[in-house]
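# Architecture and fold: a report
If you want the building blocks of each chain, they are given just below.
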Amino acid sequence: MTNPPRVKRKQFKRSVLYAHTQTPQKQATGGNEAALKRKRDHEGDKTERQPVKKRLFQDSAADSIQMFKERLLGGKFRWINSEMYSNSSQDVKKMFAGDKSLYDIYQLGYKEQVKHWPADPLDVIIEHLKSFPTGIPSEERVGVLPKSKVIADLGCGAAKLAREMSGNTVHSFDLVAINDSVTVCDIAGDIPLKDNSCDVVVVCLAMMVTNFVNIVKNARRILKPGGLFKVAEVTSRLVGGADAFQNFITSGGFEHQKTTSPNKYFMVFDFLRTGKQVKGQWPPASFKPRKVLKASLYKTR
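Everything numeric here is computed off the predicted structure, so don't read it as measured data.

## Some thoughts on the packing of aromatic side chains
This structure, assessed with the given rule, holds twelve aromatic pairs. Feature note: the residues F212, F229, F245, F248, F254, F269, F271, W282 and F287 constitute an aromatic cluster, connected by ring pairs.

This is the structure in structure tokens:
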């Protein structure tokens with residue numbers, strides 16, 4: 001490539017030198033002072049708006065932290081849920097006794113899960129009990145309950161049933177006392193109630209532990225003959241369907257009355273305690289708990 005004429009080469013050097021000595025502001029405005037002042041004023045306005053951007057960033061960071069906390073709590077809830085399905089009631093009670101915050105986390109997680117259901121199974125049970133036929137139970141009049149009932153709520157959580165069933169005597173039992181209405185008790189262990197002392201026993205989504213068969217035994221012990229045993233259970237847990245679960249309960253000294261399915265998520269079973277003694281060992285030595293109710297575990301994320 002040939003060199004440009006001498007005069008043009010000098011002009012070229014001057015233009016390069018000029019470009020190197022210009023600030024970005026001068027380059028952008030062509031050296032026009034008025035335009036440069038306007039640009040500075042405009043940049044000043046942007047500077048004044050910086051705190052807004054910073055605030056937006058802070059809000060975004062706060063949202064991220066909150067999301068992280070929710071995910072962390074969700075992870076702990078799933079872990080606690082898994083432990084409850086994988087261990088006996090004695091081991092779960094020890095777990096909560098060692099760290100009571102775990103029970104609070106579980107209750108928070110459970111409440112979040114219920115929000116996604118069409119209905120809370122406990123609300124369905126409460127509605128059933130309030131509309132249940134009343135009278136004086138006898139051999140001729142089965143399926144009726146006294147107006148003022150003695151109710152045992154096994155695995156009561158926050159004792160909502162006791163609040164809703166005013167006018168009745170409600171004993172609320174759970175592994176941790178979340179409020180003053182709850183009595184700390186292993187519902188698959190020794191329940192501090194006399195034999196044949198209750199008109200109703202409620203077990204709402206509480207047969208989680210591996211020794212849940214003892215909960216059924218306790219229900220039969222404390223129920224009066226003809227007393228009502230109401231069980232709400234997650235539909236997906238029923239290994240052999242509703243019929244298999246009904247057969248399991250009735251083999252333990254109960255008579256099946258009815259089963260309702262308010263939605264696809266859970267089912268509510270009504271049993272009456274019979275006056276007949278259960279023959280032989282119940283359940284048999286070959287009994288496999290997870291052949292009746294399988295663990296309901298959440299997917300890990």
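## With respect to unusual backbone geometry
Along the chain, W282 connects to P283 via a cis peptide bond; the corresponding omega equals -10°. Note that P283 resides in the segment after β7 (266-273). Non-glycine residue A159 carries a positive phi angle of around 65°. By the element assignment, A159 lies in the loop between β1 (150-154) and α8 (160-164). We classify A159 as buried; its relative accessible area is 0%. Unlike most non-glycine residues, L205 shows phi in positive territory, near 55°. With respect to the secondary-structure elements, L205 resides in the loop between β4 (198-204) and α9 (213-222).

## As for the pattern of salt bridges
One pass over the full model with this rule turns up seven salt bridges. Measuring nitrogen to oxygen at the nearest pair gives 3.6 Å for the salt bridge that ties K130 to E164. Of the two residues, K130 sits in helix α7 (residues 121-130) while E164 sits in helix α8, which places them 34 residues apart along the sequence. The partly exposed category is assigned to E164, whose relative accessible area is 36%. Between E233 and R237 there is a salt bridge, with its nearest N and O atoms 3.2 Å apart. The buried category is assigned to E233, whose relative accessible area is 1%.

## Re the confidence of the model for the chain
Low pLDDT marks stretches whose predicted atomic positions should not be read closely. Scored by pLDDT, the chain comes out at a mean of 83, with 73% of its residues at no less than 70. Within the model, the stretch residues 1-5 combines pLDDT values under 50 with two contacts to residues more than four positions away or in other chains. Scored below 50 in pLDDT, residues 12-21 shows one contact in the model against residues more than four places distant or in partner chains.

## Observations regarding the environment of I191
Mapped onto the secondary structure, I191 falls in the loop between β3 (182-184) and β4. Apart from the residues lying within four places of it in its own chain, the contact partners of I191 are L154, F173, C185, D186, N218 and R221.

How each quantity is defined
Residues numbered from 1 in each chain as written. Predicted model: local features only at pLDDT ≥ 70, side-chain atom pairs only at ≥ 80, totals over all residues. Heavy atoms only, no water. Phe/Tyr/Trp six-rings, centres within 6.5 Å; stacked < 30°, edge-to-face > 60°. Helix = DSSP H or I, 4+ residues; strand = E, 2+ residues; numbered from the N terminus. Buried < 20%, exposed > 50% of the residue type's maximum accessible area, 1.4 Å probe, protein only. Salt bridge = Lys/Arg side-chain N within 4 Å of Asp/Glu carboxyl O. pLDDT = per-residue confidence, 0-100. Contact = heavy atoms within 4.5 Å.

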